[in-house]
Amino acid sequence: MFFINETLEIKEIDLFVAKPNLDRDIIGHLKEAYGKRLLLKINNLSELEFTIPFKIEKKHNLIDNPNVGKIKDRFLIKAIYDKKIEWFRIDNVTKSSDENGEILSVHAYSLGIELRDKTVIFIDEMSKDVNYMLNLCLSNTLWSVGEIDPDIEFNDGLKVYRSFDLTEVNKLDFLYTIAQTFKGIIVWDTVNRIVNLKTQDHVGNNNGLRISYGKYMKSMNKESNSNEMVTRLVPMGRDGLTINSVSPTGLGYIDDYSYFMYPFQRDENKNVIQSSDYMSDDLCHALLDYNELLSQNEKVFKSLLEKRNSLNKSLLEKQADKVKYNIQMAQILDSIDVEKANERDFTKLEQQRLELQQLINAKQVEIEDIESQLNNNQNEITSLQKLLSTENNFTSDQIMELNTYIIEKTWSNDNITNAEDLLKEAKREFEELRKPQTVFSIDIVNFTQILEGQKDWGKLNIGDTIYIYHERLNENLTAKITEIDVNFDDKSVNITITNTQDILTDEEKFYERLKQVDTTTISLNNNKYRWKDSTEKVSEIEKVINEALDATKREIVAGVNNSVKISSRGIQIIDSEDPNRMIILQNSVLALSEDGGNTWKTAIKPDRIVAERIQGLLGEFVKLRAEQILVNPDGSETTIGGKINDFDEKLRDDLRLEEPLPSSLRLNRYGVNVDDDNGNNRVRLGQYADGKYGLLIRDKTGKVTMLDEEGMLQTWQEGRTDNVDSNNPLVLYLYTPPETRVISKAILRFKLLPFRAYSKGTESGGGIYTSTESGGGTYTSTESGGGGIATSLALNWEPGDNGHDHGIPNGLLLSTADGGSVGWVKSGQHSHQISIPSHTHLFSIPNHYHWFSLPEHIHDIKYGIYTSTSATNISIYINSTNVTYELGGMFTTDQNNLDITKYIKIGQWNRIELNSSRLGRIDASCFIQAFVGM
C-alpha cells in the first residue's frame, strides 16, 4: 500500500536571472513569474517561456518590479525543476500592456543556442571518426565533448568513419549534421557546457511509469497516416552506390509486404487458417514459400560471400606486390636507358631486371589463380541468385497482383561509400517506413504538482519509456517520450511519443515473424575497404596504388599491328614481323635494338653516332678525329696514327693548369669536382646530376645542398609575444616569396605565459555632477510599538478656583442617579494611565535630485608588472584552416618543434593564428628553411 506524504513540497519550477559572463552571476530571483511553460525535446534545444509584471505588490502596496530591468537580451536563466538544473539564454523579450497592466513576456532556448553564434567555412573532411568531428565542431567555443556511446564509434568492432563537405554553416547546425550522420542523439549538459552523443536506446530510462484512462490521462489522440508508407526501398549511396552486390537476389532494393499480408495464417500443411485483409491466399502462400527458400539458402549465400571476400583480400595483396615490383622494374629500366644513352656498363642492372622479372611472372601466376577462383565463385553466386529470382518463384499473375502493393521510394545517403553500410542503414530506415506512420499525442495531468502522484515523481523525463493503456480505444503500448510540454499554471503536461510498440498484439507478432526472413536478412561483407586512418595516413595498399599511378603513365598504342608505343620509356617503333627488332627514342638518344631493347648496338646521339658497323659512302672530304682508328676489312687489325693526343695533357694545356693537379680537384667528362680532406664532395661544376647543370655547393658534411640550380638555401624567422584571450588570438605573418622553389622545413614553437600588465591607476578630472533622478512617492514609516503610558501628575489641591477641579467650582452640588446630591470637592494629587496601540505614519517624498561636487584630482600611476592567468587550450589555425588536431592538440603545454611545413604556401603572406580559451599571454615564433631562386 502506498501512503501519501502530505508534508512533501509540491514540485514547481524555480527561475533565476543571471549575467552572461563566465561565472554566470545570479542577479535576481523571479519568484513573481507566471505563465511558466517548459518545452523539452529529444535531440533538440529545450524552450522556456514565462511572464513577469512591471508592478508587484508588497505589503498591500504596488511597487516597481526590480527584476524588469534585469531581463535583457542574451542574459541567462537558471531553471531548477524536479531537482534538475538547466540553463537557458534569453532570445526574445516582449513588452505589452492592457487593462490589467504592463507585462514582460520572455522566451529562451537552452544554453546550446550559443553554438549558433559561431560559423565554420569550407568543411572538407574525408574519412573522419565521430570524436574528431565533434572536437572540430566545438573548437574555439566554451563547449567540450563528453560521453560518446561505443555503438556510435564502432560497428562490428571496427571504427566508423564518415566524410563531410560543407561550404558555410553555423556550429549548432554543424553539430546536428554530425549527430545525424553518425546516427546519434545529442544530450546537452548545460551546467558544464558538455555535449554527449548517445544512441536512441541509451537516452532515458524505463522507470515503470504507467499512464491509463483514469490515471493521469486527460485525452489521447492517435493518427495513422499511410502516405509515407513504403513496401520497396531503393537505397542509394555516394556516386550511385547500390546494394546489388550484397543482395542474395542480386536486386537493388528491399521488399517487405507484411502489412498487407496481415492477418494471413496457415498450418504446417499449408492449409489457410485466416486470410489476409488485402492479398489473395495464393499470393500469401507464394511470399511465405519464397521467404522459406531464402532462409534455406542463407548459410550457402553467406559462405559464398565470405569466400569471395577472402579471395578479394588475397587478390589485393598479390596485386599490391606486383605493383611494387612493376615500380621497381620501371626504375631499373629507366636506369638501364640512362646507362645505355651514356654508353656505360649496365650488367648489374640487367641482372636485377632478370631477377625482378622472375618475381613478376611468379606473382602473375598467383594472381591468375585467384582470379580463376573468383570467377568460379561468381558463377556459383549467379546461379544462386537465379534460383532466388522473382521470376523463378512467382507466376505472372502473382507478380501482377503483387504490383498493386509495391509502394516504392528511393532513400539516399551520400555519406555512405560501402554497400554493406548502405544495406544496414537502409534496413534501419525501412523499419520505420514499412508500416503506416502512427503519431500519439497525449494530454496528462502534471502529477509532479499533486501530492497524490508523489510515487511517480521523477519518472517523467525526456527519452524515458512509458506504458500507455486506453481500454476504450483498445490501445496498449510502450513508447519513448520525445517531447514534453509542461504548463505549470494549468498543472498539465502534453507528451509526444514515438517508436510505439503494441504490447503482445497478434499484428505485431505477425510482423516480427515475417521480419525474421526477408530478402535482406543475410548480413554481408563484400569487398569492404574501411579507412582505418586519416587521409594523411593512408593504408599501404592505397599508397602503392597511388605511387603506381604516378610512376607508370598510360601507354599510347598506335601504328600497324600496334607497332608504335608511347610510354614513360619513350617512343618505341617495333618491327611488325619481328618484335625483337625495334627503334627506341628516349633521353635524347635514338637507339636501335635487335634483342627487344635489352642492348643497343646502334645509337644516334646529339654529338655522335655509336655503331658496330657503318655502311655507306662517307664522301670525298670526310674528316676523322679519334685517339685511335682501327681498320679491319679482312679481319686483321691495322692501326692508323697511334694515339693522336693525350687527353690529360691537352686539357692541362687548354686550361693552363700547373702540374701536378691538386688532389682535391677531379676532372671528368661531366665537369669539375672538389672534395675536402675527408673525401666529402663539396663542389661540382658542370653536369652534377641527370638533367641538372651549373654549380652545386654542399655543406661540410657533403650531404646538405646549399646552392644548386634550384636556388640558395636560406633561413629566416618570425616571432611575436602578446596577451591573448578567447576572442583575441596571437597572429604571426610569415612571408614566403614567389621565388621560393622548395620549403625544406617550417617549425613552430610557443610558450604559454601569464597575462601581463605594466601599471595601475589613471588621472581623473573633477566637476559638479547631478545624480540620477530619485522617484518620489508615498511611503510607510517603520512600525511604532504601543503600550500603557502614565500622564504627568495632576496639580496639588488648593482652595479657591485654582487646582485640579476640571473647571467645576469647589463645593458645587451634583445630582446623583437616585435623586440625591453630593458636593464637589477638588481631588488631590494623582495621574491618569492611557494606552497607545501599535501604529505607522505615512509620509510623502517628492521627485528630487542630489547635487554633489567632485574636485579635479589625479590618481598616481602605480608602475610594475602585474600578471594573471596563463594561456591554455591552444588551437592553431594556418591560413584559416584548423590544424590543431593534426598537430596533436589542443595544447596545454609549451611546444618547441611543431612541423607545419606542409601548411605553408609559397608566394603569399601565411597567417598563423594561436587561440587561447582564457586570458593569458603567448610567446611564439616560426623558423623556416627554404630554397629561394636567384
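Refer to the preceding data block for the structure.
Quantities reported herein were computed from a predicted structural model and do not represent experimental measurements. Here the residue numbers are simple positions, counted from 1 along each chain's written sequence. Local features are withheld for residues below a pLDDT of 70 in this predicted model, meaning they are given only at 70 or higher, and side-chain atom pairs are given and counted only at 80 or more; totals for whole chains, interfaces and linings count all residues. By convention in this description, side-chain values take in all heavy atoms of the structure and omit both hydrogens and water.

Q: Explanation requested: the overall build of the chain in the structure shown.
A: Scanning the chain for helices and strands turns up 12 helices and 60 strands. The long-range share in the chain, meaning contacts at least 24 apart out of those at least 6 apart in sequence, stands at 65%. Note on areas: Shrake-Rupley, 1.4 Å probe, and residue coverage restricted to the protein chains presented here. With the model as given, the accessible surface of the chain reaches about 55500 Å², and the carbon-plus-sulfur share is 49%. Secondary structure elements follow DSSP: runs of H or I of four or more residues count as helices, runs of E of two or more count as strands, with numbering from the N terminus. By definition in these notes, contact holds between two residues if any of their heavy atoms fall within 4.5 Å.

Q: Help me understand the environment of V169, please; the structure alone is not making it clear to me.
A: Structurally, V169 can be placed in strand β14 (residues 162-170). When a residue's accessible area, from a 1.4 Å probe over protein chains only, is under 20% of the maximum for its type it is buried; when over 50% it is exposed; and in between it is partly exposed. On the basis of relative accessible area, V169 is assigned to the buried category, the value being 15%. Sequence separation between V169 and F122 is 47 residues; the distance between their C-alpha atoms is 8.8 Å. Look past the residues within four positions of V169 in its chain and what remains in contact with it is K118, T119, V120 and F174.

Q: When you look at the environment of S916 in this model, what are you seeing that I'm missing?
A: Assignment of secondary structure puts S916 in the loop between β59 (908-915) and β60 (920-932). The spacing of S916 and T892 is 24 residues in sequence and 9.4 Å in space, taken between C-alpha atoms. Definition of a polar contact: a pair of N or O atoms within 3.5 Å, with one able to donate and the other able to accept a hydrogen when the atoms are protein atoms, and with sequence-neighbouring residues admitted only if both atoms are side-chain atoms. From its side chain, S916 meets the backbone nitrogen of T872 in a polar contact 3.2 Å long.

Q: Sorry if this is basic, but what is going on with the pairing of β60 here?
A: The side chains of a regular strand alternate between both faces of the sheet. In terms of burial, β60 is a largely internal element, 11 of the 13 residues being buried. A pair of strands is treated as paired once DSSP finds two or more bridges between them. As judged from the 13 bridges shared by strand β42 (residues 711-724) and β60, these two strands associate in the antiparallel manner. Among the inter-strand pairings, N723 is bridged to a residue of β60, identified as R921.

Q: Before we go on, may I ask you to explain the sheet that holds strand β16 (residues 194-198) in this structure?
A: The strands that make up a sheet are held in pairs by hydrogen bonds between backbone atoms, and each pair lies either parallel or antiparallel. On the basis of which strands lie adjacent, the open sheet formed by 3 strands has the order β11-β16-β15 and mixed pairing. Looking along the sheet, the strands with just one partner apiece sit at the ends: β11 (144-148) and β15 (185-189). Neighbour-to-neighbour, the strand axes of the sheet open up by a mean angle of 30°, direction not taken into account. Note on method: axes are straight lines fitted to C-alpha atoms, helices fitted across the in-contact stretch only, with angles between N-to-C directions ranging 0 to 180 degrees. Its contacts with the sheet put helix α1 (residues 130-138) on β11 and β16, and the angle it makes with β11 is roughly 155°.

Q: Can you help me understand the packing of aromatic side chains in this one?
A: The way to describe two aromatic rings as a pair is by their centre distance and the angle between their planes. In this analysis, rings of Phe, Tyr and Trp, with Trp reduced to its six-membered ring, are considered paired at centre separations within 6.5 Å, and the interplanar angle assigns stacked below 30 degrees, edge-to-face beyond 60, and tilted for intermediate values. Considering all chains together, one arrives at 11 aromatic pairs under this definition. Seen from their ring centres, F750 and F891 are 5.9 Å apart, and the 75° between their planes marks the pair as edge-to-face. With F750 in strand β44 (residues 740-760) and F891 in the loop between β57 (881-882) and β58 (895-899), this residue pair connects regions lying 141 residues apart in the sequence. The exposure class of F750 is buried, given its relative accessible area of 0%. Take F891: its relative accessible area is 4%, and that puts it in the buried class.

Q: Can you walk me through the sheet that holds strand β23 (residues 408-412) in this structure?
A: With mixed pairing, 3 strands are arranged side by side in an open sheet as β20-β19-β23. The strands lining the two open edges of the sheet, one partner per strand, are β20 (254-255) and β23. In the sheet, strand β19 (residues 232-236) pairs with β23 via 5 bridges, with the strands oriented parallel. Bridge pairing links V234 to T410 in β23. Taken strand by strand, helix α9 (residues 419-433) contacts β19, β20 and β23, and its axis lies near 145° from that of β19.

Q: Can you walk me through helix α6 (residues 298-341) in this structure?
A: Because each turn of an α-helix spans 3.6 residues, side chains separated by three or four positions end up pointing in the same direction. Multiplying 1.5 Å by the residue count of a helix minus one yields the expected span of that helix. For α6, with 44 residues, the first-to-last C-alpha span of 63 Å sits near the 64 Å given by 1.5 Å per residue. One or two positions beyond α6, positive phi appears at E343, with a value near 55°.

Q: Even after reading the chapter, I still don't get the packing of α6 against helix α7 (residues 347-387), so can you show me in this structure?
A: Each pair of packed helices gets described by two things: the angle between the helix axes and the distance between those axes. Running from amino to carboxyl end, α6 crosses α7 at an angle of 160°, the nearest separation of the two axes being 8 Å. Relative to α7, α6 is oriented roughly antiparallel. When the axes of α6 and α7 are compared, the crossing they make is left-handed. Residues are grouped as follows: nonpolar covers Ala, Val, Leu, Ile, Met, Phe, Trp, Tyr, Cys and Pro; charged covers Asp, Glu, Lys and Arg; every other residue, Gly included, is treated as polar. Each residue belonging to the contact of α6 with α7 can be placed in one class, and the counts come to 20 nonpolar, 13 polar and 12 charged. Angles are sorted into four bins: roughly parallel if under 35 degrees, roughly antiparallel if over 145, roughly perpendicular if 65 to 115, and oblique for all others. In this scheme the crossing of two helices becomes right-handed for a clockwise turn of the near helix relative to the far one and left-handed for an anticlockwise turn of less than a right angle.

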